[in-house]
Number of protein chains: 2
Amino acid sequence: MPSGHMKETIKSVAIDLFFKKGYFATSISDLARGSGIQKASIYYHYASKEELLFHILENTMDDLTACLKTNLENVAGVEERMRAAVRSHVRFHLERQKENFIANSELRGLTSEHYQDIVKKRDRYERIFQELIREGSDAGVFAPGDVKILSYAILTLCTAGATWFKPSGRLTIDEIALIYENFIINGLKMGTIDSDASNLKNGRTVPLENKKYNVK
Amino acid sequence: MPSGHMKETIKSVAIDLFFKKGYFATSISDLARGSGIQKASIYYHYASKEELLFHILENTMDDLTACLKTNLENVAGVEERMRAAVRSHVRFHLERQKENFIANSELRGLTSEHYQDIVKKRDRYERIFQELIREGSDAGVFAPGDVKILSYAILTLCTAGATWFKPSGRLTIDEIALIYENFIINGLKMGTIDSDASNLKNGRTVPLENKKYNVK
DNA sequence: ACCTTTCTACCGACCGGTCGTTAGATGCAC
DNA sequence: GTGCATCTAACGACCGGTCGGTAGAAAGGT
């Protein structure tokens, strides 16, 4: 089971357990047990539990961005580039599901400095998509729309796959990637996306927090 | 700030803190401090921390479903019904952002019995959307596609709003709801959604977990 | 009206247990 | 014997939860 370096073993055990039980619910003892060492020995490799988490998240974010950049190399045309970007994003999230799940659910375990590091990396990644949307919109290929909201939509859509995807499931990663790719390109292309909310005709349709449900 | 009953005060303090710091990071002492009582007094109103969490989640899920059902009453036509459903979903998640965020991130805090209760409620809710997609697809209004994947896509897309939405932000809830509504209807309507993955032409484009990045 | 009992809502003190972390000794490869 | 990797042992902090008790309002009998 151990793959040479104990530091890597600990890391991969951590990825497993953080994914399965969550960061806070996973104790150093759990990590030690899973790695086959005593819990004090963890501290020879990592300064703290939080540093271990940060290490995982940082690696994931760096690989995610590197992956996207590589997959965009030599791809021409804004639609094809967006397709490639979505494909890259979906595949990365499904192939490395556990790490991505952690990256999206355990940010609160970080110190504020580390948190900001990760958010900065995430923002840089998002900006690549936003730039693509803007390009496509300028070129008339995509409908004009709110770039930020659309980028969030695209990314969270694909990211969500990491929460429900089962490698043993009905569909392969490539099939899922294609479904998303088409869904998104479709949503972006047509001209019906606008922010004209003038035709909204409604009062409150949602119950307030902690209030009993009442409509109209 | 306290609204009559202490039980309600505790609940709303819990919603605030679970949203801000997370369920595990919020201690009973935190809840007591926020509610202005001693921590032992919390147990007069709730049997345990977990029961309090369950109480919040159960309420939220029940209201979510009730809200959808009401908003679908007297709406005819499958496209209009889907639009109404998306609108209901987005609005509920943005208006009651904190509770919904908790409901999507703190399920792991539940006992397995309570967890299954909530998942059952969530599945019932999802099935309403899946039924809508199937109807629309049968009627030829929506393109045929994988019903489950599409329903996940729709729901997670809208749900994600609860993670980044700022009430003081640029766009109103209704504007965001409209953007999503159009994006989704668009994605569903066109005929390009299929699972024909026969034209996939690629090797590995994603680095493996814990492996250095390498393409092709 | 009076006294007694019950119930509600809370408090202060405390428990066993687990947590992340540290200090210092030990084995082992070179 | 030098240094790396791991060990045993322990630390203080804090956790969720329990306990016995209590002030005060309400209920009930006479």
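Fair warning: this is a prediction, and the values are worked out from it, not measured in the lab.

Peer 1: Can you walk me through the overall build of chain A in this structure?
Peer 2: A tally of regular secondary structure across chain A gives nine helices and zero strands. Looking at chain A residue by residue over its 216 residues, the buried ones come to 51%. The long-range fraction of contacts in chain A, counting pairs at least 24 apart against all pairs at least 6 apart in sequence, stands at 69%. Accessible surface, chain A as shown: approximately 10100 Å² in total, 51% of it carbon and sulfur.

Peer 1: Could you clarify how one ought to interpret the protein's contact with DNA strand C in this entry?
Peer 2: Close to DNA strand C lie 15 residues, the nearest being A:Y43, A:K49, B:Q38, B:A40 and B:H45. Within 4 Å of the protein, atoms of DNA strand C come from sugar and phosphate in 63% of cases. A:T26 is positioned such that a nitrogen or oxygen atom in its backbone is 3.5 Å from a phosphate oxygen of DNA strand C. At a separation of 2.8 Å, a phosphate oxygen of DNA strand C approaches a polar side-chain atom of B:S41. Within the residue set of the surface near DNA strand C, elements represented by two or more residues are α3 (39-45) of chain A together with α3 (39-45) of chain B. Counting residues per element, the surface near DNA strand C draws most heavily on α3(B), which supplies four residues.

Peer 1: It is not clear to me how the pattern of salt bridges should be interpreted in this structure. Could you clarify?
Peer 2: When their charged atoms lie close together, side chains carrying opposite charge are able to pair. Residue and element names in this part refer to chain A. For the coordinates displayed, the defined rule picks out 30 salt bridges over all chains. E181 is the partner of R87 in a salt bridge, and the nearest nitrogen-oxygen pair spans 3.1 Å. On the criterion of sequence distance, the pair formed by R87 in helix α5 (residues 78-95) and E181 in helix α9 (residues 173-189) is long-range, its members being 94 residues apart. A single burial state applies to R87 and to E181, both of which are buried. In the salt-bridge network here, residues are joined through shared partners; they are E79, E80, R83, R87 and E181.

Peer 1: When you look at a positive patch on the surface in this model, what are you seeing that I'm missing?
Peer 2: All names here are of chain A. Residues K69, K120, R124, R127 and K148 make up a contiguous surface patch of positive charge. Tallying contributions element by element places helix α7 (residues 112-138) first for the positive patch, with three residues. Its place among the elements puts R124 in helix α7. Accessibility expressed as a relative area gives 47% for R124, which makes it partly exposed.

Peer 1: Whenever I open this one, the confidence of the model for chain A confuses me. Can you help?
Peer 2: As a general rule, the predicted coordinates of low-pLDDT regions are not to be interpreted in detail. Residue and element names in this part refer to chain A. Summary statistics for chain A give a mean pLDDT of 87 and a share of 86% for residues scoring 70 or more. Across chain A, the secondary-structure element scoring lowest on mean pLDDT is α9, at 89, and the one scoring highest is helix α4 (residues 49-72), at 97. Of the regions scoring below 50 in pLDDT, residues 210-216 engages in 18 contacts with residues more than four places distant in sequence or in other chains. Interface confidence for the predicted complex, expressed as ipTM, amounts to 0.86; the pTM equals 0.88.

Peer 1: Explanation requested: the protein's contact with DNA strand D in the structure shown.
Peer 2: Around DNA strand D, the structure places 16 residues, and the nearest of them are A:Q38, A:S41, A:Y44, A:H45 and B:K39. For DNA strand D, the backbone makes up 56% of the atoms found within 4 Å of the protein, where backbone means sugar plus phosphate. One nitrogen or oxygen atom from the side chain of B:K49 is found 2.8 Å from a phosphate oxygen belonging to DNA strand D. Put simply, the parts of the chain that give the surface near DNA strand D at least two residues each are α3 of chain A together with α3 of chain B. Take the surface near DNA strand D: its biggest share by element is five residues, from α3(A). Taken together, the residues of the surface near DNA strand D break down into seven nonpolar, six polar and three charged.

Peer 1: Sorry if this is basic, but what is going on with the packing of α4(A) against α5(A) here?
Peer 2: To characterise two packed helices, one gives the angle between the axes of the helices and the distance between these axes. Residue and element names in this part refer to chain A. Relative to each other, α4 and α5 sit at 145 degrees, their axes nearing to 9 Å. In this structure, the crossing between α4 and α5 has a hand that is right-handed. Mapping the contact onto sequence places T60, D63, L64, C67, L68, N71 and L72 in α4 and R81, A84, A85, S88, H89, F92 and H93 in α5. Of the residues belonging to the contact of α4 with α5, the class tally is seven nonpolar, five polar and two charged.

Peer 1: Would you mind showing me how to read the packing of aromatic side chains here?
Peer 2: Think of a pair of aromatic rings as described by two things: how far the centres are apart, and how the planes are tilted against each other in angle. Here the structure, examined in full by the defined rule, presents 11 aromatic pairs over all chains. Ring geometry for B:Y23 versus B:F24: centroids 5.2 Å apart, planes at 70 degrees, classification edge-to-face. With a relative accessible area of 39%, B:F24 lands in the partly exposed category. An aromatic cluster of at least three residues, connected via ring pairs, comprises A:F18, A:Y23 and A:F24. Its guanidinium or amino end placed over the ring of B:Y46, B:K7 lies 5.0 Å from that ring's centre, counting from NZ or CZ. A cation over a ring is seen here: B:K49 above B:Y23, with NZ or CZ 4.5 Å from the ring centre.

Rules of the game
Residues numbered from 1 in each chain as written. Chains lettered and ligands numbered in written order. Predicted model: local features only at pLDDT ≥ 70, side-chain atom pairs only at ≥ 80, totals over all residues. Heavy atoms only, no water. Helix = DSSP H or I, 4+ residues; strand = E, 2+ residues; numbered from the N terminus. Buried < 20%, exposed > 50% of the residue type's maximum accessible area, 1.4 Å probe, protein only. Contact = heavy atoms within 4.5 Å. Areas by Shrake-Rupley, 256 points an atom, 1.4 Å probe, with all protein chains shown as cover. Near = heavy atom within 4 Å. Polar contact = N/O pair within 3.5 Å; in protein donor to acceptor, adjacent residues only side chain to side chain. Salt bridge = Lys/Arg side-chain N within 4 Å of Asp/Glu carboxyl O. Patch = residues over 30% accessible without salt bridge, like charges linked within 9 Å, V, L, I, M, F, W, Y side chains within 5 Å. Lys, Arg positive; Asp, Glu negative; His and termini not counted. Charge placed at Lys NZ, Arg CZ, Asp CG, Glu CD. pLDDT = per-residue confidence, 0-100. Nonpolar A, V, L, I, M, F, W, Y, C, P; charged D, E, K, R; others polar. Axes fitted to C-alpha atoms, helices over the stretch in contact; angles between N-to-C directions. Left-handed = near helix turned anticlockwise from the far one by under 90°. Phe/Tyr/Trp six-rings, centres within 6.5 Å; stacked < 30°, edge-to-face > 60°. Lys NZ or Arg CZ within 6 Å of the ring centre and 35° of its normal.

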